[in-house]
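# Descriptive structure summary
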There are 2 protein chains.
Amino acid sequence: MGKGRITIPTDAGFVEETKKIMKEWGADAVRDCDGTTLPANASELADKVYNTYFVIRGDYDWAMANKDEWQHVYLLSGFCTASSDTLKIRLMDGYFEQQVKPDFASDPKKYWEVIDRTTGRLLDPAEWDFDEREGTVTVKKAELFHDYTVSFLAISLWDPVHMYNSITNGWTEKKHIMYDPFYPKTAKYIREHLADWCDKHPETSVVRFTTFLYQFSLVFNDKGKEKNVNWFGYSMAVSPRMLDAFEKEYGYKMRAEYLIEAGRYDSSFNVPTKQYLDYMAFIEKFVCDTIKDLVKITHEKKKEAMMFLGDCWIGCEPYGEYFSELGLDAIVGSVGGGVTVRMLSDVEGVRYREGRMLPYFFPDTFFEGNEKAAVDELNRNWMTARRAMLRNPLDRIGFGGYLALAAKFHSFMKRASEICEEFRVLYDNVKGKSPKNFLTVGILNAWGKKRSWMCYMVAHELWYQQIYSYQGILEALSGLPVDVRFISFEDIRKGVPADIDVIINAGDAGTSWSGGANWLDEEIVTSVRKFVWNGGGFIGVGEPTAADANGKFFQLRDVLGVDKEIGFTLSEDKYNLTAKKGHFITEDLSSLPDYGEGMKNIYAMNGTDVLDIRFDAGHMRGVNTGEVKMAVHSYGKGRAFYAAGLPYSFENARLLYRAMLYTAGKEDSLRRAFSSNVLTDCGYYADKDVYAVINNSADAQKTDVYDIKGNKIVLNLKGGELVWLDGKDFPSAE
Amino acid sequence: MGKGRITIPTDAGFVEETKKIMKEWGADAVRDCDGTTLPANASELADKVYNTYFVIRGDYDWAMANKDEWQHVYLLSGFCTASSDTLKIRLMDGYFEQQVKPDFASDPKKYWEVIDRTTGRLLDPAEWDFDEREGTVTVKKAELFHDYTVSFLAISLWDPVHMYNSITNGWTEKKHIMYDPFYPKTAKYIREHLADWCDKHPETSVVRFTTFLYQFSLVFNDKGKEKNVNWFGYSMAVSPRMLDAFEKEYGYKMRAEYLIEAGRYDSSFNVPTKQYLDYMAFIEKFVCDTIKDLVKITHEKKKEAMMFLGDCWIGCEPYGEYFSELGLDAIVGSVGGGVTVRMLSDVEGVRYREGRMLPYFFPDTFFEGNEKAAVDELNRNWMTARRAMLRNPLDRIGFGGYLALAAKFHSFMKRASEICEEFRVLYDNVKGKSPKNFLTVGILNAWGKKRSWMCYMVAHELWYQQIYSYQGILEALSGLPVDVRFISFEDIRKGVPADIDVIINAGDAGTSWSGGANWLDEEIVTSVRKFVWNGGGFIGVGEPTAADANGKFFQLRDVLGVDKEIGFTLSEDKYNLTAKKGHFITEDLSSLPDYGEGMKNIYAMNGTDVLDIRFDAGHMRGVNTGEVKMAVHSYGKGRAFYAAGLPYSFENARLLYRAMLYTAGKEDSLRRAFSSNVLTDCGYYADKDVYAVINNSADAQKTDVYDIKGNKIVLNLKGGELVWLDGKDFPSAE
């Protein structure tokens, strides 16, 4: 039994038991959690003691003494239609008065905007008045039956995460109010407070920042329920002082509309505007400069600085400009599957990366009679994470919650102990040992590197009907033997980088993920065409390269071999309506794929090989209609593959792997360091000449395993098993 | 047994049998058909003798002697991508060399266009060359990996309808070549030929024009199969002389692109451009002027002029500007259902309107052992047409094909005879007898009146997956007790006409049917808002009022109470996720409606009553997603109704009727002149105080029938039965 790389929660009243469990699991770190307190002698328990720290909230007295430095948020009123010639708009309609209130004190005529949402016209401030007592804005002379909005700055009265927990769990602790370090008193205060806190917490070895300065957008409605949640949103990283400073530095006014975008706010589904990118850069610079100071203080106090990836992470994106300069020791985040593993494990510029595994030790899982379910969740979480760990493992894993609760479940404790050991062995064999990848894939969208492993997310890790058919691509990639890069349109403008073998463009038309108007940029389309023509691979999912212009909906329909019928070419007969049987890409499918939400009205051009086409049996009457779901097309020396959607499944992961190999012309690489059964995966590590074969299912599996030269053995795996092989386990080709 | 209003086909070898059948059916007219010849003494057989006449084709010798006046067509080459710096485009790739050939003789540099379809740039003629021998155009200096097209004028070598029939049926008759009456020799010739033909056909009383001058777009591919078929297309109503005349009259050049639109041609799904409308007006004027002459000649020869609605009908649209000035006696067209009945029966400016019923007497139906199927088709055709006849009957019905074939099927002959009689009784009771309608509905789209009953059509009467969910609305309306008007955005710009109770806007985003950019026109949106606010009804189906701008996708989401989530507001939580039970609109549904293709990602705003919402059981994991399929919303004194799609069914027709009454605030009118069973319909004719109740199903039905005052009786109907009642059949309310 090894030791290390494991963090467990503890509590002041559970010290002896903690010691026992630490030994059983080989844990070397303890942490506190909501509702627990670290034991006084925590540092005697473990090599590392994590302690949660809030930078801009938690000091109620300081907040109350400095009301002029509370944080702000940009909000949009409802869309109000004028049925008479004056229109009064109630700003707080739909908002939660315990969370926010309009900031009438910071010149509304300067920071607020009233916009005619029928014509898009920005009203002159003289055209409207505000009334603080009523909480209203009045359009003095409204155009009849036009609709209007007010974009206004509000003051945040309560940190929304704390507010949510307080309301949900009946906490009686004083409100956490967010103060803004962009203001001078708070800027000074947060540095001094951290130094002071470090002095007062000698037992702490790791300051677990939860998190830094600005909360992602999290706004509640008038019933106290979530109204808007955008894990990437900057609408709470705003204040009059920031807006003024931005204007001074960038030479133009940061209009409310640049952040609010008619209520679409700064959704990462928007193709970002120049103004929004400028604002992000401005905030990121300020946040990162501040974090550098905080890290410096932490280090001076002989502690490590660990960032929690969430909550107030705005402006310190791990794949942003300055992240690797921050000096942070570690990053930690929750792990829900392979994507979240890679989101953490691929982060550069920290010494270690930690994943908090599931289940959380909370009463909703750890209640009497639910032990099997808890073990199942643990196994499921580990098995989905392990696929990604084979490609790039986390440096540590940990758990959270009340250890005392979990300790009552003996089979859970035993299985967790096994997983901790399996993780350590995996780490030793894999980390830095040149995992073999067979090609490099570039995920092309409007965000590129900045949103690495974060595409299609709305609320962190939550499932949405509109995203799972694309999100599945990333989940598949997280565990496939390919190098994954996230590239932007700017990255390919002057040519696709030479190391890219395959480009994937996947998303709904108009979104940042598909690319929107980028596909009307001739440098972009010619760059991709040239890349494929000369032998590159192109994979489109959903509505790739979509923009309605030039008689095409998919601007690269000549590459993809498919387009979407949006009504204007119904007059054109479609004849390519027969699916080709037996293709390299579909060979491992037991049945045709699940495309998730799929995509309607896709048709194949002449010369395209249709791999799957569906006819609506209920309605179809034989006219030339059929919906193409999957197709391949040759273009010069290169190839393209289209799929209507790729939600995550083991079969779809294999389909995607084969599609990448096929479009890159690397079919010969398939049976190298490869496990044939779609429920299994194989990793190869050249430095040690070892192979990991994992069974991703709970049932026993039989599979052919090929070594790096293509020699085969047959392997039987128990449910969930990981087997290590080395080169000598395979028969020689001679 | 009555007589009249019935046309049957006959043949020279079938005279005696024809007489017998005419008596049995009460027929008063005979016609010829493809492959038959009228008997020499046809005029002794019937009151009317129809004879097919072609204006611009059929005289092979004249065509061969006047090759300089053959008709033209505008075509677009394939989209060709430049993989080197010269690009040679083969014009005829994908086209059928027996149908068309490029017209190199009419200055290509003047009439052709080469366009860069990556940037949309029109190339200067100096930038390209053509080679007649090779049939190519060469872009001299192509931009690498841009794609290019050539829009070129081609000469029509063979009338496509005749070509299709010749190839399919192995006809050996000489080609019908189309000559262009826009040229002087042909203009003179077609007049003289008609006069001469009339003289030579004394037995003919009705000249059945099939049709006039220009064929709708019908282009074949290189395998001799249909490539592009657009029943409304003007791409074959074009010639160098026309283009020159247009420029002279309108003061600007009619560019090829205005008609070709990057390969979307002049699909009526496009929101028409000003240039295209100008061109249509130009052609319509010329065509109608010519037809006036032809009609005059026909009348001078003491014959009637009947127009077949199809084939060469371009420029003489029955709902166009000049139609009622033509002097035509009649219009005839095929009847596939209620919509095609109304398309004919609502035409103004002719003395009578005739529908050619199904089945056609051709061997594909009338073969041994298929008699029951033939009768079933006859019944189905009659029952779907009859619903619409209750609202506005045709003046005549008829059949086509080989009478000798049908005559062998005795049960068919008997049933046809019954239907002829039922039609005559219906006509006498209904025609001009003020059918009672309870409200006026305006179908709002970019075409308005011009495309009355023709919305959503591609190839005439053919089913397409992309249209049936909207087409069902028209089929439902064709038989409902409402006045139907087709209105354009211009018609409502200064206010919705006072007689409109309900507006329907239905179609896919961006199409002429939904309206596209018209919904960004503030006069349009305020006009509709005002109309509904003051008590009007608004019904949206599919993607009504759609245009992505101002933070909204449905620009009138404030009226409709629903919008479509296209990705940009996924961050906004949706809470209106519970369907209201028991609503006036859905009361007669046995289960929730079939929405056909439906519509994804629709969500309801607060304050909207959701009537149906679907959750994807296979994938959904409880996050705030659900697809609203049907909803109602109040707006001022008015109401709106939304449905994801309304393919035709008896239940959906009832649903639509109730939705119209509800949104117009006329729920009290429901049980007036009304038959409760959804498989039945009721019509009321005040002039005679009579009621028609029809059973639209083949099975017996029981129904409550309400008179105009709301008094009820219970009625049992046999399968397919029509029952006449009068006011005295109902109990008095006292």
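The residue numbers shown here count from 1 along each chain, following its written sequence. Here chains are named by letter from A upward and ligands by number from 1 upward, in the order in which they appear as written. Predicted model: local features are reported for residues with pLDDT of at least 70 only, side-chain atom pairs are reported and counted for 80 or more only, and whole-chain, interface and lining totals are derived from all residues. Values shown for side chains rest on all heavy atoms present in the structure; no hydrogens or waters enter the calculation.

As recorded in an unreviewed UniProt entry, chain A goes by the name 1,3-beta-galactosyl-N-acetylhexosamine phosphorylase, listed as coming from Candidatus Borkfalkia excrementavium.

Counting its secondary structure elements, chain A contains 18 helices and 35 strands. Only the C-alpha atoms count toward the radius of gyration. The rule for a globule is 2.2 Å times the residue count to the power 0.38. Taking 27 Å as the expected radius of gyration for a compact globule of 734 residues, we find that chain A reaches 28 Å, a close match to that expectation. If one aligns the C-alpha atoms of chain A with their principal axes, the spans along those axes are about 85 × 75 × 50 Å. Here chain A holds 734 residues, and 65% of them are scored as buried. Every residue pair with non-hydrogen atoms within 4.5 Å of one another is taken to be in contact. Considering only contacts in chain A between residues 6 or more positions apart, those separated by 24 or more positions represent 73%. The Shrake-Rupley method, run with a 1.4 Å probe sphere, supplies the accessible areas, and residue values consider only the shown protein chains as cover. Accessible surface, chain A as shown: approximately 26,100 Å² in total, 49% of it carbon and sulfur. Residues scored as charged are limited to Lys and Arg (positive) and Asp and Glu (negative), so that His and the chain ends carry no count. Just so you know, the charge point we use is NZ for Lys, CZ for Arg, CG for Asp and CD for Glu. Taken together, the 89 basic and 106 acidic charged side chains of chain A have centroids lying 2 Å from each other. Comment: elements are numbered from the N terminus, with helices defined as DSSP H or I runs of at least four residues and strands as E runs of at least two. The buried label goes to any residue with under 20% of its type's maximum accessible area, the exposed label to any with over 50%, and the partly exposed label to all in between, with areas taken from a 1.4 Å probe on protein chains only.

Here the copies were fitted onto each other by least squares, based on C-alpha atoms from residues at pLDDT of at least 70 in both. Superposition of chain A onto chain B requires a rotation of 180° combined with a translation of 0.1 Å along the rotation axis, giving an RMSD of 0.1 Å. Those values place the two copies in the arrangement expected of a two-fold rotation axis. The C-alpha atom lying nearest the rotation axis in chain A is that of Lys 600 of chain A; the distance is 5.1 Å. Residue by residue, 100% of the interface of chain A is reproduced at the interface of chain B, so both copies engage with the same surface.

Turning to the interface of chain A and chain B, a few remarks are in order. In this assembly, 69 residues from chain A lie in contact with 69 residues from chain B. Defined in terms of a 1.4 Å probe, buried area is the accessible area two parts forfeit on being brought together, summed over both. The junction of chain A with chain B conceals about 6,400 Å² of combined surface from both sides, 52% of it contributed by carbon and sulfur atoms. Just to be clear on terms, a salt bridge is a Lys or Arg side-chain nitrogen sitting within 4 Å of an Asp or Glu carboxyl oxygen. Counting the contacts that link chain A with chain B gives 10 salt bridges. For Asp 147 of chain B, the salt bridge identified is with Lys 552 of chain A, shortest N-O distance 2.7 Å. Polar contacts here mean pairs of N or O atoms no more than 3.5 Å apart (in protein, one a potential hydrogen donor and the other a potential acceptor; neighbouring residues in sequence count only if both atoms are side-chain atoms). Inspection of the region where chain A meets chain B yields 32 residue pairs in polar contact (both at pLDDT 80 or more). Contributing elements (two or more residues each) for the side of chain A that touches chain B: β14 (226–230), α16 (522–533), β24 (552–554), α17 (557–560) and β28 (627–635) of chain A.

Further remarks concern the pairing of strand β1 (residues 6–9) of chain B. Two faces belong to every sheet, and in a regular strand the side chains alternate between them. Residues and elements named next belong to chain B. Neither face of β1 is left uncovered, since the one carrying Ile 6 and Ile 8 and the one carrying Thr 7 and Pro 9 both have all their residues buried. Two strands pair if DSSP finds at least two bridges between them. Here β1 runs beside strand β18 (residues 396–398); their pairing, made up of 2 bridges, is parallel. Bridge assignment links Ile 6 to a residue of β18, and that residue is Ile 397. Bridging between β1 and strand β2 (residues 29–31) involves 3 bridges; their strand directions are parallel. Following the sheet pairing, Pro 9 is matched in β2 by Arg 31. Considered for its hand, the β-α-β crossover made up of β1, helix α1 (residues 15–25) and β2 is right-handed. If the strands point away from the viewer and the path from the first strand over the helix to the second runs clockwise, then the crossover is right-handed.

Moving on: helix α11 (residues 371–389) of chain B. Each α-helix winds once per 3.6 residues, and so residues spaced three or four apart point in a common direction. If you check α11 of chain B, its first and last C-alpha atoms are 26 Å apart, about what 19 residues at 1.5 Å a residue would give, namely 27 Å. All buried positions along α11 of chain B are accounted for by Ala 374, Val 375, Leu 378, Asn 379, Asn 381, Trp 382, Met 383, Ala 385, Arg 386, Arg 387, Ala 388 and Met 389 of chain B. By this rule the span expected of a helix is its residue count minus one, scaled by 1.5 Å.

Now for unusual backbone geometry. The peptide bond linking Thr 210 of chain B to Thr 211 of chain B adopts the cis configuration, its omega dihedral lying at -15°. Considering the arrangement of structural elements, one finds Thr 211 of chain B in the loop between β12 (206–209) and β13 (217–220). Positive phi values are uncommon outside glycine, yet Tyr 456 of chain A reaches one of about 70°. Structurally, Tyr 456 of chain A is set in the loop between β19 (440–444) and α14 (468–478). What makes Tyr 456 of chain A buried here is its relative accessible area of 4%. The backbone phi angle of Ala 262 of chain B is positive, close to 55°, even though this residue is not glycine. Structurally, Ala 262 of chain B is set in the loop between α8 (256–260) and α9 (274–300). The class for Ala 262 of chain B is buried, based on a relative accessible area of 7%.

Residue and element names in this part refer to chain B. One open sheet accounts for 7 strands, arranged β20-β19-β21-β22-β29-β28-β27; its pairing is mixed. A single partner strand is all that each edge strand has here, and the edge strands are β20 (483–487) and β27 (609–614). Going across the sheet, the axis of each strand differs from the next one's by a mean of 15°, ignoring polarity. The pairing of β27 with strand β28 (residues 627–635) spans 5 bridges and is classified as antiparallel. When the sheet's bridge partners are listed, Asp 612 is paired in β28 with Met 630. This element, helix α14 (residues 468–478), spans β19 (440–444), β20, β21 (502–507) and β22 (537–542) of the sheet and lies at about 145° to β21. Between N-to-C directions, angles span 0 to 180 degrees; the directions come from axes that are lines fitted to C-alpha atoms, helices contributing only their stretch in contact.

Our next topic: the environment of Glu 651 of chain A. Residue and element names in this part refer to chain A. Tracing the backbone through its elements, the reader meets Glu 651 in helix α18 (residues 650–663). Expressed as a C-alpha distance, the spacing of Glu 651 and Val 678, which sit 27 residues apart in the sequence, is 5.9 Å. When sequence neighbours within four positions are dropped, the list of residues in contact with Glu 651 reads Asp 588, Leu 589, Ser 590, Ser 591 and Val 678.

Turning our eyes to something else, we now look at the packing of α1 of chain B against helix α13 (residues 410–430) of chain B. Residue and element names in this part refer to chain B. Contact geometry for α1 and α13: axes closest at 8 Å, N-to-C directions at 45°. When the axis of α1 is compared with that of α13, the two are oblique. Residue-level contacts link Ile 21, Glu 24 and Trp 25 of α1 to Met 413, Ala 416, Ser 417, Cys 420 and Arg 424 of α13. Put simply, Ala, Val, Leu, Ile, Met, Phe, Trp, Tyr, Cys and Pro go in the nonpolar bin, Asp, Glu, Lys and Arg in the charged bin, and everything else, Gly too, in the polar bin. Per-class residue counts for the contact of α1 with α13 are 5 nonpolar, 1 polar and 2 charged. Under this scheme an angle from 65 to 115 degrees is roughly perpendicular, one under 35 degrees roughly parallel, and one over 145 degrees roughly antiparallel; angles in between are oblique.

Before going further, it helps to examine the packing of aromatic side chains. Note on ring pairs: Phe, Tyr and Trp rings are taken, using the six-membered ring of Trp, and paired if centres are within 6.5 Å. Classes follow the plane angle, with under 30 degrees stacked, over 60 edge-to-face and the rest tilted. In the structure shown here, the tally under the stated rule is 102 aromatic pairs over all chains. Ring centres of Phe 246 of chain A and Tyr 252 of chain A lie 5.3 Å apart, and the angle between their planes is 85°; this geometry places the pair in the edge-to-face category. Grouping aromatic residues by their ring pairs yields a cluster made of Phe 182, Phe 246, Tyr 250, Tyr 252, Tyr 258, Tyr 279, Phe 282 and Phe 286 of chain A. Any Lys NZ or Arg CZ found within 6 Å of a ring centre and within 35 degrees of that ring's normal is scored as a charge over the ring. The side chain of Lys 109 of chain A reaches across the aromatic face of Trp 128 of chain A, ending 4.7 Å from its centre. Positioned above the aromatic ring of Tyr 183 of chain B, the side-chain terminus of Arg 241 of chain B is 5.8 Å from the ring centre.

Residues and elements named next belong to chain B. The disulfide criterion is simple: two cysteine sulfur atoms within 2.5 Å. This model, assessed by the stated rule, comprises 0 disulfides over all chains. In this structure Cys 33 is not part of a disulfide, and its nearest cysteine sulfur, from Cys 420, lies 15 Å away. Classification of Cys 33 by relative accessible area gives buried; the value is 6%.

With that settled, consider the nonpolar core. By size, the foremost hydrophobic cluster in this structure holds 498 residues, and its most contacted members are Tyr 279, Leu 477 and Met 660 of chain A together with Tyr 279, Leu 477 and Met 660 of chain B. Ignoring anything within four residues of it in the chain, the contact list for Tyr 279 of chain B reads Tyr 234, Ala 237, Val 238, Met 242, Leu 243, Phe 246, Met 254 and Leu 259 of chain B. Definition used in this section: a nonpolar core is a set of buried Ala, Val, Leu, Ile, Met, Phe, Trp, Tyr and Cys residues joined via side-chain atoms within 4.5 Å.

The topology assignment puts Asn 370 of chain B in the loop between β17 (352–356) and α11. Ignoring any residue separated from it by four or fewer positions in sequence, one finds Asn 370 of chain B in contact with Thr 365 and Phe 409 of chain B.

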